[in-house]
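Read off the chains here:
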Amino acid sequence: MTYAVDFTTVSTVGLESSPIADALAGLRANEARYFKNKFDHVFTVEPASDAASTVEWVHRILKEERGIVIAARPLEATAFEVEGIRMAYVFYEDGLSINVMYTIEDSGKRAVGFKLSDGMEIPGELSAFKFARQKSKLAGTIRGSYFVIKNEY
């Protein structure tokens, strides 16, 4: 079932199995607010099992670009296009959020971003990355990092 993420009333719908569901819900709401304010896009998610192709695409990019295999269980995912950019998000049970920003035009920017929910440890598979801190009213302290995608997907 598809769920439109509400950033005015943060809800843990779909994230209940996460030990830090409240923080992960805040992180998801933070992303929803960004896309609504920047692109007037309603951020919707669905269970990862219903969005298998999105999860597989994100995991393929991680594996082929950096040899990264995420250990945590994906809970939700979404894929959409805004202003010529293909976006994909996967939210994981441990509090991790991974997004892929893939500009459709060949000369555009393409990157994978990682965001850690407030209160979670850095997963071992991401220990090589440096994480910057960002404050959010919805999500507390978000730690984020990224890498540039070199190949085509």
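Everything below is about the structure shown above.
Summarised in this report is the structure supplied together with it.

### Comments concerning the overall build of the protein chain
Reasoning step 1: Across its full length, the protein chain holds 2 helices and 8 strands.
Reasoning step 2: The order of helices and strands in the protein chain, counted from the N terminus, is β-α-β-α-β-β-β-β-β-β.
Reasoning step 3: If you line up the protein chain on its principal axes, its C-alpha atoms span 40 × 35 × 30 Å.
Reasoning step 4: Evaluated residue by residue, the protein chain yields a buried proportion of 50% over its 153 residues.
Reasoning step 5: Taking contacts inside the protein chain between residues at least 6 apart in sequence as the whole, the part at least 24 apart equals 56%.

### Details of the packing of aromatic side chains
Reasoning step 1: Scanning the entire structure with this criterion turns up 14 aromatic pairs.
Reasoning step 2: With centroids separated by 5.9 Å and ring planes inclined at 80°, the aromatic side chains of phenylalanine 43 and phenylalanine 80 adopt a geometry described as edge-to-face. Of the two residues, phenylalanine 43 is situated in the loop between α1 (21-39) and β2 (44-47) and phenylalanine 80 in strand β3 (residues 74-82); the sequence distance between them amounts to 37 residues. One exposure class covers both phenylalanine 43 and phenylalanine 80, and it is buried.
Reasoning step 3: Among the aromatic residues, those joined into a ring-pair cluster are Tyr34, Phe35, Phe39, Phe43, Phe80, Tyr89 and Phe91.
Reasoning step 4: Residue placement shows arginine 86 over the ring face of tryptophan 57; its charged tip is 3.7 Å from the ring centre.
Reasoning step 5: Lying over the aromatic face of tyrosine 102, arginine 110 brings its terminal NZ or CZ to 4.0 Å of the ring centre.

### A look at the pairing of strand β5 (residues 96-103)
Reasoning step 1: Of all 8 residues that make up β5, 7 are buried, and the element is covered over most of its length.
Reasoning step 2: The sheet contact formed by strand β4 (residues 85-92) and β5 spans 7 bridges and is antiparallel. Bridging from a neighbouring strand, phenylalanine 91 pairs with serine 97 of β5.
Reasoning step 3: Linking two consecutive strands that pair antiparallel, namely β4 and β5, is a turn of 3 residues; a positive phi of about 110° is found at glycine 95 within it.
Reasoning step 4: Between β5 and strand β6 (residues 110-116), which pair antiparallel one after the other, the connecting turn spans 6 residues.

### A closer look at the nonpolar core
Reasoning step 1: Ranked by size, the top nonpolar core spans 30 residues in total, and within it Leu62, Ile70, Leu96, Ile98, Val100, Val112 and Phe114 carry the most contacts.
Reasoning step 2: Elements with a contribution of two residues or more to this core: α2 (52-66), β4, β5 and β6.
Reasoning step 3: Of the residues forming this core, the biggest block, 5 residues, is contributed by α2.
Reasoning step 4: Among all residues touching valine 100, those that are not within four sequence positions of it are Trp57, Val58, Ile61, Arg86, Met87, Ala88, Ala111, Val112 and Ile149.
Reasoning step 5: Core analysis: the second largest hydrophobic core is formed by 20 residues, Phe39, Phe80, Val82 and Ile142 among them.

### Some words on the environment of arginine 86
Reasoning step 1: Within the secondary structure, arginine 86 is located in strand β4.
Reasoning step 2: Residue classification places arginine 86 among the partly exposed positions, given a relative accessible area of 32%.
Reasoning step 3: Separated by 24 residues in sequence, arginine 86 and arginine 110 place their C-alpha atoms 9.3 Å apart.
Reasoning step 4: Among residues more than four places away in sequence, those in contact with arginine 86 are Trp57, Phe80, Glu81, Val100, Met101, Tyr102, Ile104 and Tyr153.

Parameters at a glance
- Residues numbered from 1 in each chain as written.
- Predicted model: local features only at pLDDT ≥ 70, side-chain atom pairs only at ≥ 80, totals over all residues.
- Heavy atoms only, no water.
- Helix = DSSP H or I, 4+ residues; strand = E, 2+ residues; numbered from the N terminus.
- Buried < 20%, exposed > 50% of the residue type's maximum accessible area, 1.4 Å probe, protein only.
- Contact = heavy atoms within 4.5 Å.
- Phe/Tyr/Trp six-rings, centres within 6.5 Å; stacked < 30°, edge-to-face > 60°.
- Lys NZ or Arg CZ within 6 Å of the ring centre and 35° of its normal.
- Pairing = 2+ DSSP bridges.
- Core = buried A, V, L, I, M, F, W, Y, C linked by side-chain atoms within 4.5 Å.

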